[in-house]
Amino acid sequence: MNRVVLVDAVRSPFGKAGSLYQGTRADDILVRVMRGLLERNPGLPLAQIDDVAIAAASQTGDQGMNIGRSAAILAGLPKSVPGYSIDRWCAGAMTAVTTLAGAIAMGSYDLAIAGGVEHMGNHPMGELMDPNPRYLAEKLVDPDALAMGNTAERLHDKFPHLTKERADAYALGSQRKTADAYAQGEIQRDLIPVAIRNPELGYGVATTDEPPRPGTTMEVLAGLKTPFRPAGRVTPGNAAGLNDGATAAILASEGKAKELGLPIKAILVNFAFAGVEPEIMGYGPVPSTIKALAKAGLTIDDIGLLEVNEAFAIQVLSFLDYFSIADDDPRVNIHGGAIAVGHPLASSGIRLMLNLARGFEKHPEVRYGITTMCIGLGMGGTVIWENPHFVGSTGKVA
Ligand SMILES: CC(C)(COP(=O)(O)OP(=O)(O)OC[C@H]1O[C@@H](n2cnc3c(N)ncnc32)[C@H](O)[C@@H]1OP(=O)(O)O)[C@@H](O)C(=O)NCCC(=O)NCCS
C-alpha cells in the first residue's frame, strides 16, 4: 500500500448563514478556495490530478450539478481531470479525504483534491429532505434523531454529570482560543479571501470569520435561551451556528509528493467510521475513535493533538469524558473550534485537518494526532494522522 499524505489544506472565511455570503453562490466560494489552494502550490502539475471529490450535504442548485466535476471545471483544472460529489452530511469533506486516500493507498491515484462546501443560507438544514415515514412509524428512530439540537439535549440527558455549566465553560474556552489564535495570526494564514457580492452593500472581500464572539462571558452564556427544549441545556452559545463556507485540500501518495517536492503537512495513518443510536448522534466520535485506534495499533495515550468538531459542546465533552481527557486539555482544539468559527456542515472535516497540520508544525514533539467529528443519523468519523515534523520521543505536547 502507498502511504497517503496531506500536502496542503485551506478554507474560506466562514460566515453566518446568509449574512457575509448573502448574494454569493456556494460554488463561487468553493471555486475561489480551490483556486487559492492551487495558487499557493504552484508545483502541483494540474494535469496529473487523478480526481476531485467535493462534499455538500445539500446537493441542489449552486451545490448541485455534480459539484465535484463542475467546480473542477470552474476552478480552471484541465478538463481531463474528473470530479465527483460526496455526501456524509457533516463528515462530507472528511469522507472525501478518506475515499480519495483509499484510492491513493491502493495505487489507483497519486494526486487528488478533496473539498467541501455548505451555504446554509442558500440551503437551510433539512431543505428538501423527505424522511421515509417508516423511520417514525416503525420506531426506527425517535423524532429527536432528526433534529440535531435535540440529539445534543439527549446527550445531556444521558450524561447528567456533563452539566450546562461545563458545556458553557467549554464554549467560552473555544471562543478564547480562537480569539488568541486570531491575535497571533494563526488562523488567517489558511484563509483564502473570497470576493463577495451583497445585494445591498455591493462588492467586497471576505477575509475573516464572521461568527466568533470574542467578548463572550460565562454570565452571557448562562442567560441564553435554549431553543431546542424548554429549560434545556443547549444554547446558541454552546452550539455551532448555521454557517456558510468551503474547504479544500491536496492529497498525494508519499512517493509522488517527494518526487514533485511538495510539502507534507500530515501523514494518514488510518481512519474509521462507526454508528451509534441516531438519537445521540453526537456520541459517534467515541466508537469511531476506538475503532480507528485499534486499526492503527495505537491507544488514546499515543495521541498528542486532537481536533474534535464542535457541533455542540456536550458532544465534545462526552467524547473527552469517555477517554478521561480533561475539558480544557491543551491537546484539544488548540485554535478553538466550530463553536467559535462555525460549522458549514460538509466543509468542516478539512478545517479540522488544516488546524491539526498547523498543530503538528508547532509541536514536533507530537507524533500522532486525530481529527474526529459526529455525523447526523448517528455516526462518527475519525482520521489518525502522523506528524511529518516529529523529532521528539515522548509523543506528548510539551
Ligand atoms: C442554536 C441555533 C438554533 C441558534 O440559532 P440562531 O438563533 O440563529 O443563533 P444566533 O446566532 O442568532 O443567536 C441567538 C441569540 O444568542 C446570542 N448569542 C449566541 N451566541 C452567543 C455568544 N457566544 N455570546 C453571546 N450571545 C450569543 C445572539 O446574540 C442572539 O441574540 P439575539 O437573539 O438577542 O440577537 C443554531 O445555531 C443551530 O441550530 N445550531 C446547530 C447547528 C447544527 O445542528 N449543526 C449540525 C450539527 S450536527
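Predicted model only: the values in this text are computed from it and were never measured.

On to the overall build of the protein, then. A tally of regular secondary structure across the protein gives 12 helices and 12 strands. The dimensions of the protein, computed from C-alpha atoms along their principal axes, are 55 × 55 × 50 Å. Taking all 398 residues of the protein together, 56% fall into the buried category. In the protein, 81% of the contacts between residues at least 6 apart in sequence involve partners at least 24 apart.

Let us now look at helix α9 (residues 285-296). Taking 1.5 Å per residue as the helical rise, α9 with its 12 residues ought to reach 16 Å, and the 16 Å between its terminal C-alpha atoms agrees with that figure. Of the surrounding elements, those touching the buried residues of α9 are β9 (266-275), β10 (303-308), α10 (313-322), β11 (368-375) and β12 (379-386).

Not every one of the 17 residues close to the ligand is listed here, only the nearest: M148, T216, P236, G237 and A311. Residue composition of the shell around the ligand, by class: 10 nonpolar, 6 polar and 1 charged.

Close contact between helix α6 (residues 164-183) and α10 brings their axes to 9 Å; oriented N to C, the two are set at 100 degrees. Classified by the angle their axes make, α6 and α10 are roughly perpendicular. Only A313, I314, V316 and L317 of α10 make contact with α6, whose side of the interface consists of R166, A167, Y170 and A171. Classifying every residue of the contact of α6 with α10 gives 7 nonpolar, no polar and 1 charged.

So, about the pairing of strand β3 (residues 51-55). Along β3, 5 of the 5 residues are buried, which leaves the element largely enclosed by surrounding structure. In β3, alternate side chains face the same way, and those of D51, A53 and A55 on one face and V52 and I54 on the other are all buried. Here β3 runs beside strand β5 (residues 111-119); their pairing, made up of 5 bridges, is parallel. Paired with I54 across the two strands is G115, which belongs to β5. Direction of pairing for β3 relative to strand β4 (residues 83-86): parallel, over a ladder of 4 bridges. The residue of β4 that forms the bridge with A53 is Y84. With helix α2 (residues 67-74) bridging β3 and its parallel neighbour β4, the resulting β-α-β unit is right-handed.

Ranked by internal contacts, the top residues of the largest apolar core, which has 129 residues, are I54, V97, A114, L251 and M353. Ranked by residues supplied to this core, first place goes to helix α1 (residues 26-39) with 8 residues. Every residue in contact with L251, bar those within four places of it in the chain, is listed here: V4, L6, V7, V97, L100, A101, I104, A112 and A114.

What follows concerns the environment of E279. Summarising the element assignment, E279 is placed in the loop between β9 and α9. Linking E279 and N132, residues 147 residues apart in sequence, is a C-alpha distance of 16 Å. When sequence neighbours within four positions are dropped, the list of residues in contact with E279 reads V141, D142, D144, A145, T151 and R154.

Below, the discussion takes up the packing of α1 against α2. Viewed as axis vectors pointing N to C, α1 and α2 meet at an angle of 60 degrees, and their least axial separation amounts to 9 Å. One finds that α1 runs oblique with respect to α2. When you trace α1 past α2, the crossing you get is right-handed. Across from D27, L30, V31 and M34 in α1, the residues of α2 making contact are I67, S70, A71 and L74.

Turning our attention to the pairing of β9. Most of β9 sits inside the fold, with 8 of its 10 residues counted as buried. In this sheet, β9 lies alongside strand β1 (residues 4-11) in antiparallel orientation, the contact comprising 2 bridges. Bridge assignment links L6 to a residue of β9, and that residue is A266. Sheet topology note: the β9/β12 ladder contains 8 bridges and is antiparallel. Bridge pairing in β12 places L268 opposite W385.

All buried positions along α2 are accounted for by I67, G68, A71 and A72. All buried residues of α2 lie within an arc of 130 degrees about the axis, which places them on one face of the element. Buried positions along α2 lie against α1, β3, β4 and β5. G76 occupies a position one or two residues after α2 and carries a positive phi of about 85 degrees.

Mapped onto the elements, I73 comes out in helix α2. Expressed as a C-alpha distance, the spacing of I73 and A311, which sit 238 residues apart in the sequence, is 32 Å.

What follows deals with the environment of G126. Considering the arrangement of structural elements, one finds G126 in the loop between β5 and α4 (134-137). For G126, a count of 14 C-beta atoms within 10 Å corresponds to the partly exposed category. Counting along the chain gives 71 residues from G126 to A55, while the straight-line C-alpha distance between them is 16 Å.

A word on unusual backbone geometry. Non-glycine residue M65 carries a positive phi angle of around 55 degrees. Here M65 shows up in the loop between β3 and α2. Located in the positive-phi region is L128, a residue other than glycine, with phi close to 55 degrees. Relative to the elements of secondary structure, L128 occurs in the loop between β5 and α4. For L128, a count of 10 C-beta atoms within 10 Å gives the class exposed.

Conventions adopted
Residues numbered from 1 in each chain as written. Predicted model: local features only at pLDDT ≥ 70, side-chain atom pairs only at ≥ 80, totals over all residues. Helix = DSSP H or I, 4+ residues; strand = E, 2+ residues; numbered from the N terminus. Buried ≥ 20, exposed ≤ 12 C-beta atoms within 10 Å, placed from the backbone. Contact = placed C-beta atoms within 7 Å. Expected span 1.5 Å × (residues − 1). Near = placed C-beta within 6 Å. Nonpolar A, V, L, I, M, F, W, Y, C, P; charged D, E, K, R; others polar. Axes fitted to C-alpha atoms, helices over the stretch in contact; angles between N-to-C directions. Parallel < 35°, antiparallel > 145°, perpendicular 65-115°, else oblique. Pairing = 2+ DSSP bridges. Right-handed = clockwise from strand over helix to strand, strands pointing away. Core = buried A, V, L, I, M, F, W, Y, C linked by C-beta atoms within 7 Å. Left-handed = near helix turned anticlockwise from the far one by under 90°. Arc of directions from axis to C-beta.

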